[in-house]
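Structural overview for review
Given next are the chains, with one letter for each unit.
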Amino acid sequence: MDKSSMSISRNNINSEKINIHLLNYIDSNVIIFSLIGFLLSRTILIGSIAPLGIAFFLGISKVERYRIPIFISTIIGVISSGNSIPYILKYIICLFIFMIISNKIKNINSYLKLSFIGAFIIFPISLGQVILSNKYLYDILLCSMEAIITFISIYIFSFGINLITNINNRISVRVEESIALSFIAIFSIIGIGNIEILGVSIQTVLATVLILITCIIGGATMGASSGVVVGIAFLVNNISSAIYMGIYSVAGLVGGTLNKLGKYFSILGYVLSWAMVYAY
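An account of the accompanying structure is given in this report. Every value quoted in this text rests on a predicted model; they were computed, and no experiment measured them. (Residues numbered from 1 in each chain as written. Predicted model: local features only at pLDDT ≥ 70, side-chain atom pairs only at ≥ 80, totals over all residues. Heavy atoms only, no water.)

1. Topic: the environment of I154
Mapped onto the secondary structure, I154 falls in helix α7 (residues 137-165). With 36 residues separating them in the primary sequence, I154 and G118 have C-alpha atoms 7.5 Å apart. With near-sequence residues (within four places) excluded, I154 lies in contact with A55, L58, L114, S115 and G118. (Helix = DSSP H or I, 4+ residues; strand = E, 2+ residues; numbered from the N terminus. Contact = heavy atoms within 4.5 Å.)

2. Digging into the packing of helix α10 (residues 243-257) against helix α11 (residues 263-279)
Close contact between α10 and α11 brings their axes to 8 Å; oriented N to C, the two are set at 150°. It follows from the interaxial angle that α10 and α11 lie roughly antiparallel. The handedness of the crossing between α10 and α11 comes out as right-handed. Contacts from Y244, I247, Y248, V250, A251, G252, V254, G255 and G256 of α10 reach α11 at S266, G269, Y270, S273, W274, V277 and Y278. Class assignment of the residues belonging to the contact of α10 with α11 gives a composition of 10 nonpolar, 6 polar and no charged. (Axes fitted to C-alpha atoms, helices over the stretch in contact; angles between N-to-C directions. Parallel < 35°, antiparallel > 145°, perpendicular 65-115°, else oblique. Left-handed = near helix turned anticlockwise from the far one by under 90°. Nonpolar A, V, L, I, M, F, W, Y, C, P; charged D, E, K, R; others polar.)

3. Things to note about the packing of aromatic side chains
Applying the stated criterion across every chain, the model contains 12 aromatic pairs. Relative to F71, the ring of F57 has its centre 5.7 Å away and its plane inclined at 50°; by these criteria the two rings are tilted. Here F57, found in helix α3 (residues 52-60), pairs with F71, found in helix α4 (residues 64-79); they are 14 residues apart in sequence, far enough to count as distant. Of the two residues, F57 and F71, both sit in the buried class. Summarising the aromatic geometry, the rings of Y111 and Y155 are spaced 6.4 Å apart at their centres and angled 80° between planes, so their arrangement reads as edge-to-face. Placement of the pair is Y111 in helix α6 (residues 111-132) and Y155 in helix α7, with a sequence separation of 44 residues. Look at Y155 and you get partly exposed, because its relative accessible area is 34%. An aromatic cluster is built from F33, F56, Y66 and F157, whose rings are joined through pairwise contacts. (Phe/Tyr/Trp six-rings, centres within 6.5 Å; stacked < 30°, edge-to-face > 60°. Buried < 20%, exposed > 50% of the residue type's maximum accessible area, 1.4 Å probe, protein only.)

4. Digging into the side chain of S81
On the secondary structure map, S81 appears in the loop between α4 and α5 (85-105). From its side chain, S81 meets the backbone oxygen of V78 in a polar contact 2.7 Å long. Residue contacts for S81: discarding those within four places in its chain leaves S41, R42, I44 and I88. (Polar contact = N/O pair within 3.5 Å; in protein donor to acceptor, adjacent residues only side chain to side chain.)

5. Things to note about the packing of α3 against α5
With their axes 9 Å apart at the nearest point, α3 and α5 run at an angle of 10° to one another. As far as their axial angle goes, α5 and α3 are roughly parallel. Counted together, I54, F57 and L58 of α3 and Y91, C94, L95, F98, M99 and I105 of α5 form the full contact between these two elements.

6. Section: the nonpolar core
Grouped together as the largest cluster of nonpolar side chains are 57 residues, with contacts concentrated most on F33, F56, Y91, F157, I186, F187 and V230. Ignoring any residue separated from it by four or fewer positions in sequence, one finds F56 in contact with F33, I36, G37, L40, I70, F157 and I161. (Core = buried A, V, L, I, M, F, W, Y, C linked by side-chain atoms within 4.5 Å.)

7. Some points on helix α8 (residues 175-190)
Relative to the 22 Å expected for 16 residues at 1.5 Å per residue, α8 spans 23 Å between its end C-alpha atoms, a close match to the ideal helical length. Those residues of α8 that fall on the buried side of the exposure criterion are E177, S178, A180, S182, F183, I184, I186, F187, S188, I189 and I190. (Expected span 1.5 Å × (residues − 1).)

8. Concerning a nonpolar patch on the surface
A contiguous nonpolar patch, built from V200, V205, V209, I213, I216, I217, Y264, I267 and V271 and spanning about 800 Å² of accessible area, is present on the exposed surface. Contributing elements (two or more residues each) for the nonpolar patch: α9 (202-237) and α11. Tracing the chain through its elements places Y264 in helix α11. (Patch = residues over 30% accessible without salt bridge, like charges linked within 9 Å, V, L, I, M, F, W, Y side chains within 5 Å. Areas by Shrake-Rupley, 256 points an atom, 1.4 Å probe, with all protein chains shown as cover. Salt bridge = Lys/Arg side-chain N within 4 Å of Asp/Glu carboxyl O.)

Below is the structure:
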């Protein structure tokens, strides 16, 4: 065999190795988690705080194959969120810190400990940002609230992450995992932004689809829980949406109760109950 043939075969072997190496890191879960990290990091809550993306990244960074893709997608989401520059810089710094310590926390099996680590890291960084800018009491209270939201988010997201990564090995889904998945889904939907098509909000349509799927699959308990989660998400995102917490929860309860009659009755119950409560 001449040298040219040997070099061609060697190049083919190298390209096959690269393709195999990439396939080990790119699968459906990587795409899903990357999209979630991107959308959650774009979700701005009270004021300008937006810790959901970094909370999700800390929960997923324990799995090495997901670490780099979600890190990149979360940074892109933070930058494209439209938030103020100080907050963007703060969350990028937090992401780099989480990335640095990710090898040390991968053996932590307690969701509670992981939540404490995230809250204790973000609080001093947020406090330093306040001291360097405005020394208002409200800003300090907002730092505490952000640390609490980060703590709760990491704890809740961990259940959803565990469910998605092990979905093929699961026969049933626990209620807390369903709620966690609803939290991840609805806040990811909010990260899409206020996009409308022919005057119809994409957020509202996707939120309704989420509740209906939960009603049909999980029944009254999960339907009502999903409705409450959606209502809370809209309330946090916009205080004027407080009324929708009750509407979505009642509609989810009724729709889930009728799921044994079939999906069409479940959808009909949801629509009618939503319309009646809203009209009232």
